[in-house]
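# Remarks on the overall topology
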There are 2 protein chains.
Amino acid sequence: MKQIDLMKELHVPSDKKILMLVLDGLGGLPNESGKTELEAARTPNMDRLCKESICGLSTPVGLGITPGSGPGHLGLFGYDPLEYAIGRGVLEALGIGLTLTPKSLAARGNFCTLDPASGVITDRRAGRIATQKCAELVNKLKAITLEGVKVIVEPVKDYRFALILEGEGLEEGLSETDPQKTGLKPLKVEPLHAGAKKSAKLLNAWIEKAFAMLHDEKPANGCTLRGIAKDPGLPSYKEVYGLKSCAIATYPMYKGLARLVGMDVLDAGETLATEVATLKDSWAKYDFFFFHVKKTDSSGEDGNFDAKVNVIEEVDSLMPEILSLKPDVVLISGDHSTPATLKSHSWHELPVLLYANNIRKDTVVEFGERACMAGGLGHIRHVDLMPLTLAHADKLTKYGA
Amino acid sequence: MKQIDLMKELHVPSDKKILMLVLDGLGGLPNESGKTELEAARTPNMDRLCKESICGLSTPVGLGITPGSGPGHLGLFGYDPLEYAIGRGVLEALGIGLTLTPKSLAARGNFCTLDPASGVITDRRAGRIATQKCAELVNKLKAITLEGVKVIVEPVKDYRFALILEGEGLEEGLSETDPQKTGLKPLKVEPLHAGAKKSAKLLNAWIEKAFAMLHDEKPANGCTLRGIAKDPGLPSYKEVYGLKSCAIATYPMYKGLARLVGMDVLDAGETLATEVATLKDSWAKYDFFFFHVKKTDSSGEDGNFDAKVNVIEEVDSLMPEILSLKPDVVLISGDHSTPATLKSHSWHELPVLLYANNIRKDTVVEFGERACMAGGLGHIRHVDLMPLTLAHADKLTKYGA
């Protein structure tokens, strides 16, 4: 039996409240100081909680696998990221705050440079044009209409844009048009099954009109479409876990991911302080709170070790206010590691802290990667975090007699 | 390849003898003393064995999942509890010592109260009638006969009874008759596939006769049937592991579970002392001994921390006598946790001790939950215990060349 189905069968109501505190990209590596970002950070409040908790290390997708934001969060939410995939087009749309409906088909678009004579691609990223230029070009492309469907096109960043078609009978299962190397012409969108023919026809019509419009542009006189996909239709938190859940996040991508599993997405402002205020205001209304901290990841991506330390310390300083709400179960972890020394997401395990009054406490007294290696949870997987958390909140009944 | 099939392929004979000592509900949580039941218990003999062993923590079904006795033991026996399910009717029958044959169909019965005018259920448990009353009613129902099949009905506890039909062509795949809430009439048994039509017809006929007989009773003037199932037909210990195995247990449920995997069930009396005597008497005849201790679980369920400590200490005091038989491999664990502080089964991992002369000893010197967190086995799953145990008894050959 699949874990999701088991959860559907076993979940029961309880009055307990769960806080899942996700520090994006939390996991780190030691810099020259010999300490990771979390180890270097002064975190007296998390350390105090640690003494009443069980700790461990968790793998988001699989050993050695570096997750994107989508798989990292799917794991945290208890959906096996190797089974449930979110198309790149969908993530691109969510990342800029677009909302998808069951009738939406989303693609990631890349501007590229075509040789005017032969039509072959000479630069797959159109010289990485500036976001401003991208927005200007997208503004032109907004004039394109297609028979019977709504067309939405929005700039993302640099040479990237998002394209959404919305209408009846749009199915996924479509090839990409980027030939993956220069010297070849952009491909046509091909339907991978009969049901996707309508989508392919519409997308090819859109591309033809776009190419005509971009013809005299330099260097972005063409584009390709990738990751054409629909909302994966994940079973909701309500359905799987019986939870009344909400998301407190500042970035569109994470709000979008939470929306995919049916969480209520709250307006949480732009800062950690407004996020905490939102948590307090909404405390009475939900029994599961996904609280997302973005800047641990961004500072890691920037290679800024000290900035990441500062973000962790800022979160720690807010812990007394958060804990004054008396959550019954608190899980602190991240969606993936983003060590500042690597300036990118990585495959390293995430430190995990699980607090509850019915916890089997371990000997860890400090929240950090190396300390968690000796934690009582051992080495676990992200998909196991939700069942564990629910159990500690008395929200799972016995399996079998 | 499934583990069960791998075991079938790899098992080889050896002279070594394996003792699986199962302390039901062994795992605990700290009480106000800061120690769990096992940690608080004085266990000099287990601690001595611990120094010659490898330890760890084991999960019976999945992280966060609280197992019933069925799934907990299936895991210990090496049968994935998410793959092999034992119907509730079967467990109910086994629990009161009834023996099932491949021709038996077993249901759990609940007495309920019906509104005499409308026939809707007003109390799904008939006011939780006393076991004595239940036995009286069941005695009446024993008069019911059905064409072509044997009918067995026996009281269980309170409002619960077990019903078994035995005969040709009885298949499972039947709906339950309890509508799960009051204000509705009991449902008919519906066949979920064509092969189960005969069973449904017979069960509905039995229900009709039972309702007529119970008509003037108060408050139990009706009943419902649930968990209608057959012996799951598990592959036997002999077939899977090549073992000549026996079960030493005092409670019917555990004898029944052992019988499901083809163990010889010995008459082991009523006490730990008679169980040890049985072990000694039968030592020459078997190579695998499932030795079950019930009272760790019952005292945990009662919330009696000290009583659970006492049972563990009693088991420990018997260890020298048990070890004097010189078992080659000893596994000590439990089917699930039953912390006295929770008064119920729980999801917490089980401490595991594995002794053998070819063991890779770890640094654990005391058998307890927190000590086992640092054990050399790490965190494992119950289904992995049988292969590990067999390997240490030289009963598994090499996989592949």
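Residues numbered from 1 in each chain as written. Chains lettered and ligands numbered in written order. Predicted model: local features only at pLDDT ≥ 70, side-chain atom pairs only at ≥ 80, totals over all residues. Heavy atoms only, no water.

### Here's the deal with the overall build of chain A
Spelled out, the test is: The helix and strand labels rest on DSSP assignments: H or I over at least four residues marks a helix, E over at least two residues marks a strand, and numbering proceeds from the N terminus. Only protein chains enter the calculation, and the probe is 1.4 Å; a residue is then buried if its accessible area is under 20% of its type maximum, exposed if over 50%, and partly exposed in between. Contacts between residues were defined by any pair of non-hydrogen atoms, one from each residue, lying within 4.5 Å. Note on areas: these come from Shrake-Rupley sampling with a 1.4 Å probe, and a residue is covered only by the protein chains present in the view. Think of it this way: Lys and Arg go in the positive column, Asp and Glu in the negative one, and His and the chain ends go nowhere. Charge coordinates come from a single atom per side chain, which is NZ of Lys, CZ of Arg, CG of Asp or CD of Glu.
Of regular secondary structure, chain A possesses 14 helices and 13 strands. Dimensions of chain A along its principal axes, counting C-alpha atoms only, are 70 × 55 × 35 Å. Burial analysis of chain A (401 residues in total) assigns 57% to the buried set. The contacts in chain A between residues at least 6 apart in sequence include a share of 74% that link residues at least 24 apart. Accessible surface, chain A as shown: approximately 16100 Å² in total, 52% of it carbon and sulfur. When the 47 basic and 52 acidic side-chain charges of chain A are each reduced to a single mean position, those positions are 3 Å apart.

### Notes on the relation of the copies chain A and chain B
Short version of the rule: The superposition of copies rests on a least-squares fit of C-alpha positions from residues with pLDDT of 70 or more in both.
Structural alignment of chain A on chain B gives an RMSD of 0.2 Å, achieved by rotating through 123° and translating 0.2 Å along the axis. In symmetry terms, the pair is related by a three-fold rotation axis.

### Some thoughts on the nonpolar core
Definition in use: The term nonpolar core refers to a set of buried residues drawn from Ala, Val, Leu, Ile, Met, Phe, Trp, Tyr and Cys, joined through side-chain atoms within 4.5 Å.
Ranked by size, the top nonpolar core spans 102 residues in total, and within it Tyr79 and Tyr237 of chain A together with Ile332 and Phe367 of chain B carry the most contacts. With 8 residues, the top contributor of residues to this core is helix α12 (residues 305-323) of chain B. Sequence-distant contacts of isoleucine 332 of chain B, defined by excluding residues within four places in its chain, comprise Leu21, Leu23, Met46, Leu49, Met319, Pro351, Val352, Leu353 and Phe367 of chain B. Ranked by size, the runner-up nonpolar core spans 52 residues in total, among them Ile54, Leu100, Ile164 and Leu390 of chain B.

### Comments concerning the packing of aromatic side chains
We apply this condition: Only Phe, Tyr and Trp rings are paired, with Trp represented by its six-membered ring, and only when their centres lie within 6.5 Å; those with planes under 30 degrees apart are stacked, over 60 edge-to-face, the remainder tilted.
Here the structure, examined in full by the defined rule, presents 19 aromatic pairs over all chains. Geometrically, the ring pair formed by tyrosine 237 of chain B and tyrosine 241 of chain B is edge-to-face, given 4.8 Å between the ring centres and 85° between the ring planes. In this pair, tyrosine 237 of chain B and tyrosine 241 of chain B both sit in helix α8 (residues 237-241), 4 residues apart, roughly one turn of the helix. The same class applies to tyrosine 237 of chain B as to tyrosine 241 of chain B, namely buried. When the centroid spacing of 5.1 Å and the interplanar angle of 65° are considered together, the rings of tyrosine 237 of chain B and phenylalanine 288 of chain B count as edge-to-face. Of the two residues, tyrosine 237 of chain B sits in helix α8 while phenylalanine 288 of chain B sits in strand β10 (residues 288-293), which places them 51 residues apart along the sequence. On the basis of relative accessibility, which here comes to 0%, the residue tyrosine 237 of chain B falls in the buried class. A network of ring pairs unites the aromatic residues Phe77, Tyr79, Tyr84, Tyr237, Tyr241, Phe288 and Phe290 of chain A as a single cluster.

### What about the pattern of salt bridges?
Basically, it comes down to this: Salt bridges are counted wherever a side-chain nitrogen of Lys or Arg sits within 4 Å of a carboxyl oxygen of Asp or Glu.
As enumerated under the stated definition, the model contains 40 salt bridges over all chains in all. When the shortest N-O distance is used, the salt bridge between lysine 133 of chain A and glutamate 217 of chain A registers 3.5 Å. Residue lysine 133 of chain A is found in helix α6 (residues 131-141), and its partner glutamate 217 of chain A is found in the loop between α7 (197-214) and β7 (222-229); the two are separated by 84 residues along the sequence. We classify glutamate 217 of chain A as buried; its relative accessible area is 16%. When the shortest N-O distance is used, the salt bridge between lysine 142 of chain B and glutamate 154 of chain B registers 3.3 Å. Of this pair, lysine 142 of chain B sits in the loop between α6 (131-141) and β5 (150-157) while glutamate 154 of chain B sits in strand β5, and the two are 12 residues apart along the sequence. Owing to a relative accessible area of 25%, glutamate 154 of chain B belongs among the partly exposed residues under this scheme. Taken together, the shared-partner salt bridges connect Lys133, Glu136, Lys140 and Glu217 of chain A into one network.

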